[in-house]
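# Observations on chain architecture
Below, each chain spelled out in residue letters.
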Amino acid sequence: MVAAGKTLGLTEVKLMVKSKKYWLMKSEPGAFSIDDLIKSPGGITCWDGVRNYQARNIMRDEMKKGDRVLFYHSGKNPSVVGLAEVVREGYPDHTAWDENSVHPDPKSTPEKPIWYMVDIRLETKFEKPIPLKELRNVKGLENMVLLKKGMRLSVQPVAKKEFDIVLSLAKGA
DNA sequence: GCCAACGTTGGC
DNA sequence: GCCAACGTTGGC
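Attention here is on the structure that accompanies the text. (Residues numbered from 1 in each chain as written. Chains lettered and ligands numbered in written order. Predicted model: local features only at pLDDT ≥ 70, side-chain atom pairs only at ≥ 80, totals over all residues. Heavy atoms only, no water.)

### Considerations on the protein's contact with DNA strand B
In the vicinity of DNA strand B, the residues found are Asn52, Tyr53, Gln54, Lys107, Lys149, Gly150 and Arg152. Counted by atom, the contact set of DNA strand B within 4 Å of the protein is 70% sugar and phosphate. Here Lys149 contributes a side-chain N or O atom positioned 2.8 Å from a phosphate oxygen of DNA strand B. A distance of 2.7 Å separates a base oxygen of DNA strand B from a polar atom in the side chain of Arg152. Its residues placed into classes, the surface near DNA strand B shows one nonpolar, three polar and three charged. (Near = heavy atom within 4 Å. Polar contact = N/O pair within 3.5 Å; in protein donor to acceptor, adjacent residues only side chain to side chain. Nonpolar A, V, L, I, M, F, W, Y, C, P; charged D, E, K, R; others polar.)

Structure below.
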């Protein structure tokens, strides 16, 4: 961290730009599951259909190539099921102006897009999913956005420390 | 299926 | 700008 008011040095700026960030993306497996991602060409998919401004802002402005993503299944047996990587940064979600898409929004146009998405590529599908109820008991995850009451964000930040803990759980540590 | 907690919409 | 009504998310 840099103290408030202090001018950033070039090294620090480079570090900030280069340092990876960590995210969690939710999906209803009935809509799009990690197995669907595996079947996608190159293991890559665009994360279309997000119609929430906070989640959009994260995808449009904050997610960068190389950032790592926890893939989460919501619904039945909610759990973190795998790991992915951002391979394309925010660009307009063209499904918004496709009236036949699952989440059309007539207010969004190619000229003035409202909704944005990123592309992610599968890295790993965990051998064993990590259930939400297990995460609730893990020391160090107390402040994880996913576990906060009422937090419904479908694209959310994860602290590096939290990310590392979740990964260690996946490896059975 | 229930419902709490949000987000969005639209009248005023 | 307020806020009631409505829609959605998502765990349980």
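Once the structure has been displayed, the description carries forward.
### Details of helix α5 (residues 160-170)
Every buried residue belonging to α5 is among Glu162, Phe163, Ile165, Val166 and Leu167, and all of these are buried. Looking at the buried residues of α5, the elements they touch are β1 (22-27), β3 (68-73), β4 (79-92), β5 (116-131) and α4 (132-135). (Buried < 20%, exposed > 50% of the residue type's maximum accessible area, 1.4 Å probe, protein only. Helix = DSSP H or I, 4+ residues; strand = E, 2+ residues; numbered from the N terminus. Contact = heavy atoms within 4.5 Å.)

### Topic: the protein's contact with DNA strand C
Taken together, Lys26, Tyr72, Ser74, Gly75, Pro78, Leu132, Arg136 and Arg152 are the residues near DNA strand C. Backbone atoms, meaning sugar and phosphate, make up 82% of the atoms of DNA strand C lying within 4 Å of the protein. Between Lys26 and DNA strand C, the recorded distance is 3.0 Å, taken from a side-chain N or O atom to a phosphate oxygen. Tallied by class, residues from the surface near DNA strand C come to three nonpolar, two polar and three charged.

### As for the pattern of salt bridges
Counted according to the given criterion, the structure contains nine salt bridges. A salt bridge links Glu123 to Arg68, with the nearest nitrogen and oxygen atoms 2.8 Å apart. Placement of Glu123 in strand β5 and of Arg68 in strand β3 is noted, with a sequence separation of 55 residues between them. Between Asp164 and Lys160 there is a salt bridge, and its shortest N-O distance comes to 3.0 Å. With Asp164 and Lys160 both in helix α5, this residue pair falls four residues apart, about one helical turn. (Salt bridge = Lys/Arg side-chain N within 4 Å of Asp/Glu carboxyl O.)

### Examining the sheet that holds strand β6 (residues 155-157)
One open sheet accounts for six strands, arranged β2-β5-β4-β3-β1-β6; its pairing is mixed. A single partner strand is all that each edge strand has here, and the edge strands are β2 (44-46) and β6. Averaged over all pairs of adjacent strands, the angle between strand axes in this sheet comes to 35°, irrespective of strand direction. Across 10 bridges, the pairing between β4 and β5 is antiparallel. Residue pairing for β5: Ser79 is matched across the bridge by Pro131. (Pairing = 2+ DSSP bridges. Axes fitted to C-alpha atoms, helices over the stretch in contact; angles between N-to-C directions.)

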